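Here's the letter readout for the chains.
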Amino acid sequence: MNYRHAFHAGNHADVLKHVVLLALCDALTAKPAACFALDTHAGRGLYRLDGESAQKTGEASDGIGRLLAEAPRNPPIQRYLAAIKACRQQHGAHAYPGSPWLLAHALRAQDRISACELLPEEANVLRDTFAGDPRVAVHARDGYAAVKALLPPRHGTVKFARGLVLVDPPYEAQLDEFDTALAAIRDVLARWPQAMLALWYPIKQRRALRQFYRKAAGLDARSTLLLELLVRPDDSPLRMNGSGMLLLNAPWQFDVAMRPALDGLCAALGEAGGSARVEWLKAPP
C-alpha cells in the first residue's frame, strides 16, 4: 500500500466528503447523549497545501481553493468553511484538515473518536497531532479489521448507543475495493445496527458502479442515501470525475438539507457537464 492522501488533500472529493461529514457530526451533537466516531482510513489528519505533495498535483486549487473564492452561502458549506478557518487559525494559513481533525473539531468533550491508519509513518503523525486530546484514540492498524475489535463501542463502563463510522479507503484495488468496503459495512451493521455509516467512493464512469448500487441497496439498514458530486461528465475511465457518499441510517431529512448544498458545490466547483445527485436507494420508513 503506497497511497498518500497528501497529494489529494483539499480536492473536490475532500470537499464533498468533509461537508457531509460535518453535517453528520452536527446531527449527532444536536442530542445531548455522548456519541462515538470510527474513522477506518484516517490518514495523517492534517495536511499542508503549500507542501511538495499538494503542490505537485495542484488538486486543492480546484477544490477548497475555488470554494473559498466562491464561498456559497449555503449553511452546510458555510459550516465547512468555518472549520477550515478554525484549522488555519490553529495550524497556519496553508493547513487543511483531514477527517480525524474535523471529527475532533465537531464533536464534544463527552464524545470519543477512534482513528485507524495502517501506514506507520502516517499513523505516527496522526498520533502526534492528537497527543493532547484524550477523546481521540489512534490505532496503527487496518481499519476494516478494527471493526471487529472496536464495535460495538464502549469507553470504560460507557456504552455508546449513537455514532458514526466513516469508511474512506484509497481504492488502490479499484472496483474490488467496493466489495471489501461493503463486507466491512455489513459487519458494522451486525455489530452496531443503529450507527450511521458513511462510505466515500470515487466516480470515473458511473455505469461501472451499477453492481455497487445494487449491493448497497440490499444492505440491512433503515435507509440508504446516495450523495454524489460530479465536477465534469463521467465519460473518462482515466481520471476521477467526481465522487460520492453512501450514507446508511442517515439523519432525518438529511437529503433535504444536503440537496442545496450539493447544488452549491456543483456551481462552485463544477465544469461544463458537472452535476449533483441526491437519491434514496432505500427510503427511510
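Shown above is the structure to which this text applies.
Residues numbered from 1 in each chain as written. Predicted model: local features only at pLDDT ≥ 70, side-chain atom pairs only at ≥ 80, totals over all residues. Heavy atoms only, no water.

J.: Any details on the pattern of salt bridges? Residues and values, ideally.
T.: A complete count under the given rule lists 16 salt bridges for this structure. One salt bridge connects Glu122 with Arg44, and the closest N-O pair in it is separated by 2.8 Å. Placement of Glu122 in helix α6 (residues 120–129) and of Arg44 in the loop between β1 (35–39) and β2 (46–48) is noted, with a sequence separation of 78 residues between them. A salt bridge links Lys215 to Asp179, with the shortest nitrogen-to-oxygen separation between them at 2.9 Å. Of this pair, Lys215 sits in helix α9 (residues 210–217) while Asp179 sits in helix α8 (residues 176–191); the two residues are 36 residues apart in sequence, bridging distant segments of the chain. The network of salt bridges with common partners includes Arg206, Glu228, Arg277 and Glu279. (Salt bridge = Lys/Arg side-chain N within 4 Å of Asp/Glu carboxyl O. Helix = DSSP H or I, 4+ residues; strand = E, 2+ residues; numbered from the N terminus.)

J.: Which residues make up helix α5 (residues 99–106), and what values go with them?
T.: Within α5, seven of the eight residues are buried, which leaves it mostly tucked inside the rest of the structure. When α5 is considered as a whole, its buried residues turn out to be Ser99, Pro100, Trp101, Leu102, Leu103, Ala104 and Ala106. (Buried < 20%, exposed > 50% of the residue type's maximum accessible area, 1.4 Å probe, protein only.)

J.: Got a sec to walk through the state of the cysteines? Specific residues and values, please.
T.: What the rule picks out here adds up to zero disulfides. Here Cys87 is not cross-linked by a disulfide; its sulfur's nearest cysteine counterpart is in Cys25, at 15 Å. When its relative accessible area of 0% is taken as the criterion, Cys87 is described as buried. (Disulfide = S-S within 2.5 Å.)

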